[in-house]
Protein chains: 4
Amino acid sequence: MAYSHTIKKLIEFSETDMAGIVHFSNFFRYMEMAEHSFLRSLGLSVHYNEAGQCNGWARVHAECDYWSPLHFEEEVEIQLFVREIRHKTINYFYVFQKLDTEGATIVATGTIIAVSVVINRQDNSIRGQEVPTNFKDVINICPSEYYQKYLKKR
Amino acid sequence: MAYSHTIKKLIEFSETDMAGIVHFSNFFRYMEMAEHSFLRSLGLSVHYNEAGQCNGWARVHAECDYWSPLHFEEEVEIQLFVREIRHKTINYFYVFQKLDTEGATIVATGTIIAVSVVINRQDNSIRGQEVPTNFKDVINICPSEYYQKYLKKR
Amino acid sequence: MAYSHTIKKLIEFSETDMAGIVHFSNFFRYMEMAEHSFLRSLGLSVHYNEAGQCNGWARVHAECDYWSPLHFEEEVEIQLFVREIRHKTINYFYVFQKLDTEGATIVATGTIIAVSVVINRQDNSIRGQEVPTNFKDVINICPSEYYQKYLKKR
Amino acid sequence: MAYSHTIKKLIEFSETDMAGIVHFSNFFRYMEMAEHSFLRSLGLSVHYNEAGQCNGWARVHAECDYWSPLHFEEEVEIQLFVREIRHKTINYFYVFQKLDTEGATIVATGTIIAVSVVINRQDNSIRGQEVPTNFKDVINICPSEYYQKYLKKR
């Protein structure tokens, strides 16, 4: 059973904008990278064929708070915590930190709520379904003491 | 004085993902497109040189709720409403709708909180500053009755 | 019968990079936008279901020469010319120009060779097929005198 | 002195499109990732302040030939070879290969010609300059026998 996961990401030039920092929309791609890496570490995937149908995880909510800018060639550590599992959804909380010789700087914190879905390949419509058993069997809820210190508010 | 703005956007192929729908991170780029179009309509820009320094609007918070998927070659209407203006920040609320012969479908709703900043071009660090006068002179707060019907919650 | 097409594109903030100009990879997305707009203008799409299968146009070659940088909030005109139609492929030539009060500046020129394909939805493998009749019926080869002045070389 | 470099890249979900494969424009971002990783391995960067000015490497030409599609969660190896060094430019040749138990599959081959530039931070204009000495001191031209087998043509 797993409830947290960490990846590292080096910032690429194409991810910066003319303000000289990472474009804010990329943080959502990074959160998703951590989620997919988490699933892979459990032998699962965010997109899979099973029982003759195409299944995936759509997003019902995403948010991010930005605390400090990220720059080209900086390395960021992204931690994922499973905050909640409901009938059809999983709620992931994320912490972005820059690690350097002076310690850790919190760059951003975020949330993604993913819903288990069946994808109709004819018209690309989607409908929600219960979190599959093979996901529930290996994903657990993270004790809140592991991430509550990062829940700072403006 | 302006407090709302509307743009239309046709979904491009490169904005879809293998699930056959628009990748969720693109909604944040679309919200930003509406914000920049709003500023341009007022003779302003999100990025400008003034008083010998480089100024912009960084993001401190961004969020999106997804209600219905968007597909390739669909057209979406994005409405922006100015929800709040504080000392250094502007809070924008967004509504995405698909318009077709059967009426309007709400696709997504979202929020971006932008902070007025000075960008240091030597090290690309940023620091907050008061909302400049020329922005405050033309941007107003939107009466909530114009958008509160879209504030639905899961 | 059509053999050329023109679109306009306003440069978005998220398309710039820390050098302050449009990231070079975006020119390929812009070329594709012009191609898809061309097909739509003919009642066609780059991605369609027909005869019980999923069909599309994959890329076998893409290239771009960059002559002058593009900046945020500049508008670029993109012209598409059909240079060649073969058994399975269409070769498109593109010209990017900035239009302002001083005249036109060539920003970039490029090529995409697209191949007609059938997509296997089980494993997302693709295989080439003959250019479909409904495409051949409405797409023609452009006389070279319309674009040869843009074929400058370094 | 170095003239070649190799990186590995895992394909992310956000890099796929509705055809179920990596969007072709991403190959240009991957080539650039390999170039920047090459420069970093030599203690250099694609974007640097020196002698009181902002310097970088713009692109004058980019091209890619696509031989086989890439899919989500596949790993690709990207090799860079320095094909030519001129007064102001470096010509890089790239080979993308999928490595699996059955051997290597060539996915794509490509070229980027990068020009050494000075960036004017006032108006984001750029002008070419000679390849700086500290780049010429450590980058060499790759013997063609190392990459000529990959120069297949359609």
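This text gives an overview of the structure that appears in the document. (Residues numbered from 1 in each chain as written. Chains lettered and ligands numbered in written order. Predicted model: local features only at pLDDT ≥ 70, side-chain atom pairs only at ≥ 80, totals over all residues. Heavy atoms only, no water.)

A word on the interface of chain B and chain C. With 16 residues of chain B at the interface, the matching set in chain C holds 16 residues. Both faces considered, chain B and chain C share a buried interface measuring about 1,600 Å² in area, 50% of it formed by carbon and sulfur atoms. Taken together, the connections running from chain B to chain C amount to two salt bridges. The shortest N-O distance in the salt bridge between Arg 40 of chain C and Glu 73 of chain B comes to 2.7 Å. Examining the composition of the side of chain B that touches chain C, we find that five residues originate from one element, helix α1 (residues 26-41) of chain B, more than from any other. (Contact = heavy atoms within 4.5 Å. Buried area = accessible area lost by both parts, 1.4 Å probe. Salt bridge = Lys/Arg side-chain N within 4 Å of Asp/Glu carboxyl O. Helix = DSSP H or I, 4+ residues; strand = E, 2+ residues; numbered from the N terminus.)

Moving on, we get to the interface of chain A and chain B. Each side of the interface is counted separately: chain A has 29 residues, and chain B has 29 residues. Of the roughly 2,400 Å² buried where chain A meets chain B, counting both sides, 62% is carbon and sulfur surface. Inspection of the region where chain A meets chain B yields zero salt bridges. For the pair chain A and chain B, the interface holds 14 residue pairs in polar contact (both at pLDDT 80 or more). If you list the elements that add at least two residues to the side of chain A that touches chain B, you get α1 (26-41), β3 (53-66), β6 (103-120) and β7 (125-128) of chain A. The biggest single contributor to the side of chain A that touches chain B is β3 of chain A, with eight residues. Within the side of chain A that touches chain B, the residues separate by chemical class into 13 nonpolar, eight polar and eight charged. Judged from the five bridges that link them, β3 of chain A and strand β3 (residues 53-66) of chain B form a sheet pairing that is antiparallel. (Polar contact = N/O pair within 3.5 Å; in protein donor to acceptor, adjacent residues only side chain to side chain. Nonpolar A, V, L, I, M, F, W, Y, C, P; charged D, E, K, R; others polar. Pairing = 2+ DSSP bridges.)

All right, on to the relation of the copies chain B and chain C then. What relates the pair of chain copies is a rotation about an axis plus a shift along that axis. At an RMSD of 0.0 Å, chain B and chain C line up after a rotation of 180 degrees and a shift of 0.0 Å along the axis. Expressed as a symmetry operation, the mapping of one chain copy onto the other fits a two-fold axis. Across chain B, the rotation axis passes nearest the C-alpha of Lys 9 of chain B, at a separation of 5.9 Å. A shared binding surface is used by both copies, with 100% of the interface residues of chain B retained as interface residues in chain C. (Least-squares fit on C-alpha atoms with pLDDT ≥ 70 in both.)

Moving on, we come to the pattern of salt bridges. Residue and element names in this part refer to chain A. In this structure the tally under the stated criterion is 32 salt bridges over all chains. Linking Glu 74 and Lys 98 is a salt bridge whose minimum nitrogen-to-oxygen distance equals 3.1 Å. Taken as a pair, Glu 74 in the loop between β3 and β4 (75-85) and Lys 98 in strand β5 (residues 89-100) lie far apart in primary sequence, 24 residues in all. Take Lys 98: its relative accessible area is 13%, and that puts it in the buried class. Connected via shared salt-bridge partners are Lys 9, Glu 15 and Arg 29. (Buried < 20%, exposed > 50% of the residue type's maximum accessible area, 1.4 Å probe, protein only.)

As a further point, take helix α1 (residues 26-41) of chain D. The end-to-end C-alpha distance of α1 of chain D, which contains 16 residues, comes to 23 Å, matching closely the 22 Å that a straight helix rising 1.5 Å per residue would cover. Two residues or fewer after α1 of chain D comes Gly 43 of chain D, characterised by a positive phi angle close to 80 degrees. (Expected span 1.5 Å × (residues − 1).)

On to unusual backbone geometry, then. Of note, the phi angle at Ala 51 of chain B is positive, near 55 degrees, even though the residue is not glycine. Inspection of the secondary structure puts Ala 51 of chain B in the loop between β2 (47-50) and β3. Of note in this structure, Glu 73 of chain D is not a glycine but carries a positive phi near 70 degrees. Secondary-structure assignment places Glu 73 of chain D in the loop between β3 (53-66) and β4 (75-85).

All names here are of chain B. Note that β2 and β3 share four bridges and pair antiparallel. In the sheet register, Asn 49 faces β3, and the bridge partner there is Cys 54. What sits between the antiparallel neighbours β2 and β3 is a turn of two residues, in which Ala 51 has the positive phi angle 55 degrees.

Tracing the chain through its elements places Ser 45 of chain A in the loop between α1 and β2 (47-50). For Ser 45 of chain A, a relative accessible area of 15% gives the class buried. In this structure the side chain of Ser 45 of chain A is engaged in a polar contact, spanning 3.2 Å, whose partner is the backbone oxygen of His 47 of chain A. A distance of 3.3 Å separates polar atoms of two side chains, one belonging to Ser 45 of chain A and the other to Glu 73 of chain D. Every residue in contact with Ser 45 of chain A, bar those within four places of it in the chain, is listed here: Leu 39 and Phe 135 of chain A together with Phe 72 and Glu 73 of chain D.

A few words now on empty space enclosed by the protein. All chains considered together, the criterion is met by one cavity of 30 Å³ or more. There is about 610 Å³ of room inside the largest cavity. For the largest cavity, the lining is made up of 28 residues, of which Asn 26 and Arg 29 of chain A, Arg 29 of chain B, Arg 29 of chain C together with Arg 29 of chain D are closest to its centre. Residue assignment for the lining of the largest cavity shows that the elements contributing at least two residues are α1 of chain A, α1 of chain B, α1 (26-41) of chain C together with α1 of chain D. Per-class residue counts for the lining of the largest cavity are no nonpolar, 20 polar and eight charged. (1 Å grid on protein atoms, 1.4 Å probe; cavity = no way out; pocket = protein on both sides within 12 Å on 5 of 7 lines; lining within 4 Å. Points joined across faces, edges and corners; volume = space filled by probe spheres on them.)

Our focus in this paragraph is the relation of the copies chain A and chain B. Mapping chain A onto chain B calls for a rotation angle of 180 degrees and an axial translation of 0.0 Å; the resulting RMSD is 0.0 Å. By residue overlap, the copies meet face to face through one surface: 100% of the interface positions of chain A are interface positions in chain B.

Let's shift gears to the environment of Lys 88 of chain A. Residues and elements named next belong to chain A. With respect to the secondary-structure elements, Lys 88 resides in the loop between β4 and β5. In this structure Lys 88 comes out as partly exposed when scored by relative accessible area, which is 36%. Sequence separation between Lys 88 and Leu 151 is 63 residues; the distance between their C-alpha atoms is 24 Å.

Turning to the packing of aromatic side chains, a few remarks are in order. Enumeration over the complete set of coordinates arrives at 62 aromatic pairs over all chains. These aromatic residues form a ring-pair network of at least three members: Phe 24, Phe 27, Phe 28, Tyr 30, Tyr 66 and Phe 96 of chain A together with Phe 24, Phe 27, Phe 28, Tyr 30, Tyr 66 and Phe 96 of chain B. The ring centre of Phe 24 of chain B lies 5.3 Å from the NZ or CZ of Arg 59 of chain A, which sits over that ring. (Phe/Tyr/Trp six-rings, centres within 6.5 Å; stacked < 30°, edge-to-face > 60°. Lys NZ or Arg CZ within 6 Å of the ring centre and 35° of its normal.)

Here Lys 153 of chain B shows up in the segment after α2 (133-136). For the pair Lys 153 of chain B and Leu 80 of chain B, spaced 73 residues apart in sequence, the C-alpha to C-alpha distance is 18 Å.

Turning next to the state of the cysteines. Throughout the structure, instances matching the rule amount to zero disulfides over all chains. Looking at the unpaired Cys 142 of chain B, the closest cysteine sulfur is the one in Cys 64 of chain B, lying at 19 Å. Owing to a relative accessible area of 3%, Cys 142 of chain B belongs among the buried residues under this scheme. With no disulfide partner, Cys 64 of chain C has as its closest neighbouring cysteine sulfur the one in Cys 64 of chain D, 13 Å distant. (Disulfide = S-S within 2.5 Å.)

Residues and elements named next belong to chain A. β3 sits mainly inside the fold: 13 of its 14 residues count as buried. Of the strand pairs in this sheet, β3 and β6 are connected by twelve bridges, and their pairing is antiparallel. If you follow His 61 over to β6, its bridge partner there is Ile 113.

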